[in-house]
Amino acid sequence: ICLDVKVGSGAFMKNIDDATKLANLMVNIGNNCGRHMTAILTDMDQPLGCAIGNSLEVIEAINTLKGQGPKDLLDLCLTIGSYLVIDAKVTDNLDTARRMLEENINNGKALEKLIEMVKAQGGDVSYILDTNNFPKAKNVIEVLNPTEGYVSHIDALGIGLCAMKLGAGRKTKEDTIDPSVGIVLNKKLGDKVLKDEPLAYLYANGPVNEIKDEVIKA
């Protein structure tokens, strides 16, 4: 088992020390249960990948298995996957493990395995074969940058709350989740942004004026 322990503004643990304590605790729990455990601390000072929202994130994951996903998401999958390949005793070399994973993305076997897993659980694989089958939001709205500059910080929790207000998550347990809505980032940390260039796109089925301002602030 390889644990992805998030640390940063959008994570439960906000700093490295607390995340390390949590990771050590969970590794010890697993080891005491007879499992071989690894934990990796990963950055959640900005959203992972570009998509925030249910269908949007699944589509992004499918595209990543096709080798067409965001670089940070792909890197994380390859890193965790490499440790799992080593723990499974397929190889004892991280570089070799990573190359094996990349090869299985490039030759289509990674996507085939997802299809096999979904089929085995009674799922509809047509969604994987054609992501246009996923539910679509009525509106895709640009969030334009008010001034030229660089992205120096992203409030990952703030972006997540904006997605929740669109309907991608629940504020109370009685709320209904809309699988079609969410946010797709057009810029990540370090990116240059021109005035009136899109920072993000809101996938919405309702009003978004206040949410647009909150996304810019985040």
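Residues numbered from 1 in each chain as written. Predicted model: local features only at pLDDT ≥ 70, side-chain atom pairs only at ≥ 80, totals over all residues. Heavy atoms only, no water.

Q: Even after reading the chapter, I still don't get the environment of cysteine 2, so can you show me in this structure?
A: Within the fold, cysteine 2 resides in strand 1 (residues 2-7). Under the relative-accessibility criterion, cysteine 2 is labelled buried at 15%. Linking cysteine 2 and alanine 61, residues 59 residues apart in sequence, is a C-alpha distance of 18 Å. In this structure cysteine 2 touches Thr38, Ile40, Ile80, Tyr83 and Leu84, once residues within four positions along its chain are discounted. (Helix = DSSP H or I, 4+ residues; strand = E, 2+ residues; numbered from the N terminus. Buried < 20%, exposed > 50% of the residue type's maximum accessible area, 1.4 Å probe, protein only. Contact = heavy atoms within 4.5 Å.)

Q: Looking at this structure, how should I read the sheet that holds strand 6 (residues 182-185)?
A: Adjacent strands of a sheet pair through backbone hydrogen bonds, lying either parallel or antiparallel. Here four strands make up an open sheet; going across it, the order is 3-6-8-4 and the pairing antiparallel. The sheet is open, and its two borders are formed by strand 3 (51-52) and strand 4 (139-144), each paired with just one other strand. For strand 3 and strand 6, the ladder comprises two bridges, and the chain directions are antiparallel. Following the sheet pairing, isoleucine 52 is matched in strand 6 by isoleucine 183. Strands in contact with helix 8 (residues 209-217) are strand 4, strand 6 and strand 8 (198-204); relative to strand 4, the strand with the most contacts, it is inclined by about 45°. (Pairing = 2+ DSSP bridges. Axes fitted to C-alpha atoms, helices over the stretch in contact; angles between N-to-C directions.)

Q: Explanation requested: the pattern of salt bridges in the structure shown.
A: Applying the stated rule across the entire model yields 10 salt bridges. The partner of arginine 98 in a salt bridge is aspartate 75, and the shortest N-O contact between them spans 3.1 Å. Separated by 23 residues along the polypeptide, arginine 98 in helix 4 (residues 94-106) and aspartate 75 in helix 3 (residues 71-87) bring together distant segments of the chain. Take arginine 98: its relative accessible area is 24%, and that puts it in the partly exposed class. Among the salt bridges present, the one from glutamate 214 reaches lysine 165, with a minimum N-O distance of 2.8 Å. Note that glutamate 214 is positioned in helix 8 and lysine 165 in helix 7 (residues 156-168), a separation of 49 residues in sequence. Judged by relative accessible area, which is 27%, glutamate 214 ranks as partly exposed. (Salt bridge = Lys/Arg side-chain N within 4 Å of Asp/Glu carboxyl O.)

Q: Explanation requested: helix 4 in the structure shown.
A: At 3.6 residues per turn, the α-helix brings residues three or four places apart onto the same side. Taking 1.5 Å of rise per residue, 13 residues should cover 18 Å, and helix 4 covers 18 Å from first to last C-alpha, within 8% of that figure. Capping the start of helix 4, asparagine 93 holds a side-chain oxygen 2.9 Å from the backbone nitrogen of aspartate 95, two or three residues further along. One or two residues past the end of helix 4 sits glycine 108, with phi positive at roughly 90°. (Expected span 1.5 Å × (residues − 1). Polar contact = N/O pair within 3.5 Å; in protein donor to acceptor, adjacent residues only side chain to side chain.)

Q: Before we go on, may I ask you to explain the environment of threonine 20 in this structure?
A: By the element assignment, threonine 20 lies in helix 1 (residues 16-32). Along the sequence, threonine 20 and isoleucine 115 sit 95 residues apart, while their C-alpha atoms lie 35 Å from each other.

Note that every value here comes from positions in space, so none of it alone points to a role or purpose.
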